[in-house]
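Read off the chains here:
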Amino acid sequence: MTAQSIETAATPVAVHAHGAEITVPLNTLKASPRNARKVKHSASAIEALAASIKAKGVLQPPVVEVERDGEGAATGGFLVTIGEGRRQALRLLVKRKAIKRTHPVRVIVDAQNDAHEISLDENITREAMHPADQFEAFKRLADEKGYGPEEIGARFGVSAHVVRQRLRLGAAAPELMAAYREGTLALDQLTAFCVSEDQDRQRQVLEQAGPHTPAYAIRRAMTEAKVRADDRRAVFIGVEAYAEAGGPVLRDLFTEDGGGWLEDVALLDRLVAEKLAGLAEEARAREGWKWAEVGSDYAEAAAFGRVYPVEIARSEADAAEITALAEEYDRLVSETDAAETLPPEVDARLEEIDRALQAFGPDFDYAPEAKARAGVMVLLGYDGLARFERGLVRAEDAANEPPPWEEREAAGEEDGADTPAAAVAPDPDEDGGLSPLSDRLVMDLTAHRTMGLRDAVQADVGAALLTVVHAMTLQAFYPGYGLWTPLQLRLTVTGLERMAPGVSDAPAGRRVADRLEAWGARLPEKAEDLWAVLAPMGRADLLDLMAVCAGVGLYAVRDPHDRRPGALAQAETLATAVGLDMTGTWSATAAGYFSRVSKARVLEAVTEAVGAEEAGRIAGMKKADMAEAAERLLVGGGWLPPILRTAAVEGAEDAAVSGDEAYPFAAE
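So, how was this worked out
- Residues numbered from 1 in each chain as written.
- Predicted model: local features only at pLDDT ≥ 70, side-chain atom pairs only at ≥ 80, totals over all residues.
- Heavy atoms only, no water.
- Pairing = 2+ DSSP bridges.
- Helix = DSSP H or I, 4+ residues; strand = E, 2+ residues; numbered from the N terminus.
- Expected span 1.5 Å × (residues − 1).
- Buried < 20%, exposed > 50% of the residue type's maximum accessible area, 1.4 Å probe, protein only.
- Phe/Tyr/Trp six-rings, centres within 6.5 Å; stacked < 30°, edge-to-face > 60°.
- Lys NZ or Arg CZ within 6 Å of the ring centre and 35° of its normal.
- Core = buried A, V, L, I, M, F, W, Y, C linked by side-chain atoms within 4.5 Å.
- Contact = heavy atoms within 4.5 Å.
- Axes fitted to C-alpha atoms, helices over the stretch in contact; angles between N-to-C directions.
- Polar contact = N/O pair within 3.5 Å; in protein donor to acceptor, adjacent residues only side chain to side chain.
- Salt bridge = Lys/Arg side-chain N within 4 Å of Asp/Glu carboxyl O.
- Patch = residues over 30% accessible without salt bridge, like charges linked within 9 Å, V, L, I, M, F, W, Y side chains within 5 Å.
- Areas by Shrake-Rupley, 256 points an atom, 1.4 Å probe, with all protein chains shown as cover.
- Parallel < 35°, antiparallel > 145°, perpendicular 65-115°, else oblique.
- Nonpolar A, V, L, I, M, F, W, Y, C, P; charged D, E, K, R; others polar.

> Looking at this model, I keep getting lost on the pairing of strand 14 (residues 386-393). Mind explaining?
A regular strand places its side chains so that they alternate between the two faces of the sheet. The sheet contact formed by strand 10 (residues 305-306) and strand 14 spans two bridges and is antiparallel. Paired with arginine 306 across the two strands is leucine 392, which belongs to strand 14. With six bridges joining them, strand 13 (residues 375-380) and strand 14 adopt antiparallel strand pairing. Within the sheet, the bridge partner assigned to leucine 380 lies in strand 14 and is alanine 386. Between strand 13 and strand 14, which follow one another and run antiparallel, lie five residues, and glycine 384 among them has a positive phi close to 85°.

Structure (structure tokens):
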């Protein structure tokens, strides 16, 4: 029998010399119990071997020893001493029906060496090729043989995405590859350089970066003139739409989310402006506004006056039908709540009811006369969604009806010291007629009436609440009409966008705006009708409206030009009383905090949040890099600077034990 013959079960067992190369059926190869490798090969490694064998065959024959029974006689089988991974890969190909179980395999017989020792030797003494050599070898296959990522991946048992990564790394600037081979550049740093294929830019950043520059800082330098794919503008337009418009996209092959950067910033900004303008015009035409425009931020919207939607008046028949449809909808949902799937007839009826209800239109809408003088502004929100600010009124379009007191002034009927001389009442005894009362007497009598009013309101908690809510609502929802109340309560609503751009679009800002919008829909358009709307309201609604007005009137900004230490101290007390938790509306970012404070403050924050060890790791970084690193370390951790922290309620634990509430009004 020659060295190239195939050993079969029908062939008499032959004696093989040490070092003989023979060909045997795959099903005669067995795992050796003396193999030094006890941890099994990974599934990915077997996949790669199987792909390689399918494309090129077994390049290196396994080393085997002859299997013998208890009496020392050869069994016809062979124990694989070196090459168990190749055996497993061949078995995988059999399982996939790519080859037969008797597939011929070339092996080398070892009849002298200790099987365990040579197995150990083979695993210890071999050295894997340097990754840089692998990257460049993949690049050479693509350049010289024209193989694409899919073809290369199929031949080596790796995904096309992994091949694309290696091809990108193999195309790095020679200076980068040399530094990587020398060990002065780590793999994560190399991948950061290779986020872009621009070798000139890679060289520029390499010259600027030190040996300890973190990967994210390198990646930021490589993409500093580009817009991230998760930027709100990119989210709003969509990367696909931007690409369809001819915009180049730089993909990051080395992150799990496959993020990237949009390189044509001017094109992106133009697409954003055009889409916002289109949405604004669409809203104007569909909803009937006088005007529509695009706003850059919420400060622009805050500069306008406002009108709010009003409840739609419906006929008794429509109201009854809406109620009946809503009740039927709720009943059907309740009856089928336990069912995994809705019966077809129920599903069809629910859709029919939904269409019928939608046909009636919204319960609240802006009055036609309000739309005739108001407009809509469209802004880009922080989350990449368009925000529609409706009911905005320009100064020239504001209602021109003067308040009653202005009408009296025009007629010369204003009370007080500045009343014109012609309006001063003459002596009542001069002509015996019913002349007007003197100013002095009017003041005297109305002072008594005011005292009586004070007494009556103090004795009636409901009336007191209504009076306060009426005064606050006038000033919060009807700017310019705050004097329509005898209560000397002044509420000022100060915009915060000037101090903190974007604050109106933050979570807390959106919640405040939503509450104002909801209440604005329930209030009348004209201020003189407000009392009649508030009077029949229940106490719960009045308290809720008072909370909305009080909240929007709060001002606790530490402005160096606004010296109000007492008010600021009370703001801290109030924050404690309501249990203010800023972690739900603010988080420390490089742009919003770390880049605006000293390095010592940054390190202090990192030490507090994640420990001194992490602070030490970033201590030697440049300011911009340190700010970025701090943001990454603190993301989602809930750290707040001292100025945003809320002091705990003193005695809260004792109150909890006794069942008392430290601030009863905070829980109502």
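> Would you explain helix 13 (residues 265-287) in this entry?
Owing to its 3.6 residues per turn, the α-helix aligns residues three or four sequence positions apart on the same side. Here helix 13 spans 33 Å end to end across 23 residues, near enough to the 33 Å set by a 1.5 Å rise per residue. Those residues of helix 13 that fall on the buried side of the exposure criterion are Leu267, Leu268, Leu271, Val272, Leu276, Ala280, Ala283 and Glu287. Remark: glycine 288 follows helix 13 within two positions and exhibits a positive phi of approximately 85°.

> Looking at this structure, I do not really get the packing of aromatic side chains. What am I missing?
Here the distance between the centres and the angle between the planes together describe a pair of aromatic rings. The tally for this structure, following the rule as stated, stands at nine aromatic pairs. Both rings, one in tryptophan 586 and one in tyrosine 593, keep their centres 6.0 Å apart while their planes meet at 90°; by these two values the pair is edge-to-face. Here tyrosine 593 falls in the buried class, since its relative accessible area comes to 14%. Within the aromatic cluster, the residues linked to one another by ring pairs are Trp586, Tyr593, Phe594 and Trp639. Here arginine 166 stacks its cationic end above the ring of phenylalanine 138, 5.3 Å away from the centre of that ring. Over the ring of phenylalanine 236 we find lysine 275; its NZ or CZ atom is 4.5 Å from the centre of that ring.

> What exactly am I supposed to notice about the nonpolar core here?
Nonpolar side chains in soluble globular proteins tend to end up buried together. Core analysis: the largest hydrophobic core is formed by 24 residues, its most contacted members being Leu176, Leu190 and Phe193. Only helix 4 (131-145), helix 7 (174-182), helix 8 (187-193) and helix 10 (215-222) provide two or more residues apiece to this core. Contacts of leucine 176, omitting those with residues within four sequence positions, involve Leu185, Leu190, Phe193, Gln202 and Leu206. In terms of nonpolar packing, the next biggest core, distinct from the first, is built from 22 residues, Val469, Leu474, Met537 and Cys549 among them.

> I'm lost on helix 15 (residues 316-335) in this one. Help?
For helix 15, which comprises 20 residues, the first-to-last C-alpha distance of 28 Å matches the rise-based estimate of 28 Å (1.5 Å per residue) to within 8%. Against the buried residues of helix 15 lie helix 16 (344-359).

> Teacher, can you tell me more about the sheet that holds strand 10 here?
Sheet strands line up and pair through hydrogen bonds in the backbone, either parallel or antiparallel. A sheet is described by the order of its strands in space; here four strands give the open sequence 9-13-14-10, paired in mixed fashion. The outermost strands of the open sheet, each flanked by one partner alone, are strand 9 (291-294) and strand 10. Bridge count for strand 9 against strand 13 is four bridges, and the pairing is parallel. Its bridge partner lying in strand 13, valine 294 is registered against valine 378. The sheet strands contacting helix 13 are strand 9, strand 13 and strand 14, and the helix crosses strand 13 at an angle near 150°.

> What exactly am I supposed to notice about the side chain of arginine 201 here?
Inspection of the secondary structure assignment puts arginine 201 in helix 9 (residues 199-208). A polar contact of 3.1 Å, which involves the side chain of arginine 201, links it to the side chain of glutamine 204. Setting aside residues no more than four positions away along its own chain, arginine 201 makes contact with Ala221, Met222 and Glu224.

> I'm lost on the pattern of salt bridges in this one. Help?
Pairs may arise between side chains of opposite charge once their charged atoms sit close together. Scanning the model with the defined rule gives 43 salt bridges in all. Between arginine 34 and aspartate 114 there is a salt bridge, with its nearest N and O atoms 3.5 Å apart. With arginine 34 in the loop between strand 2 (29-31) and helix 1 (43-56) and aspartate 114 in the loop between strand 5 (104-109) and helix 3 (115-125), the pair connects residues that are 80 residues apart, well separated along the chain. For aspartate 114, a relative accessible area of 36% puts it in the partly exposed group. For glutamate 144, the salt bridge identified is with arginine 140, shortest N-O distance 2.9 Å. A residue pair is termed a helical-turn pair when its members lie 3 or 4 positions apart in one helix, as glutamate 144 and arginine 140 do in helix 4 at four residues. Arginine 140 shares its class with glutamate 144; the two are exposed.

> Honestly, the sheet that holds strand 3 (residues 63-68) in this entry has me stumped. Any pointers?
With mixed pairing, the five strands of this open sheet are ordered in space as 1-5-3-4-2. The outermost strands of the open sheet, each flanked by one partner alone, are strand 1 (21-25) and strand 2. Along the sheet, successive strands turn relative to each other by an average axial angle of 55°, direction set aside.

> Is there a simple way to think about a nonpolar patch on the surface in this case?
A cluster of nonpolar residues, Leu554, Leu574, Val578 and Leu580, forms a patch on the protein surface that exposes about 350 Å² of accessible area. Here leucine 574 lies in helix 25 (residues 565-578).

> Explain unusual backbone geometry here, please?
Among all residues except glycine, the phi angle is most often negative; among peptide bonds, the trans geometry is most common. For lysine 97, which is not a glycine, the phi torsion comes out positive at approximately 65°. Its place among the elements puts lysine 97 in the loop between helix 2 (84-95) and strand 5. In this structure lysine 97 comes out as exposed when scored by relative accessible area, which is 75%.

> Got a minute to help me understand the packing of helix 1 against helix 2 in this structure?
In a packed pair of helices, the relevant descriptors are the angle between the two axes and the axis-to-axis distance. At a minimum axis distance of 8 Å, the contact between helix 1 and helix 2 shows a crossing angle of 70°. The angle between the axes of helix 1 and helix 2 places the two elements in the roughly perpendicular class. Contacts from Ile46, Glu47, Leu49, Ala50, Ile53 and Lys54 of helix 1 reach helix 2 at Gly85, Arg86, Gln88, Ala89, Leu90, Leu92 and Leu93. For the contact of helix 1 with helix 2, the class distribution of residues is eight nonpolar, two polar and three charged.

> Please clarify how the environment of leucine 176 should be interpreted in this entry.
Secondary-structure assignment places leucine 176 in helix 7. Placed 17 residues apart in sequence, leucine 176 and phenylalanine 193 show a C-alpha to C-alpha distance of 8.3 Å.

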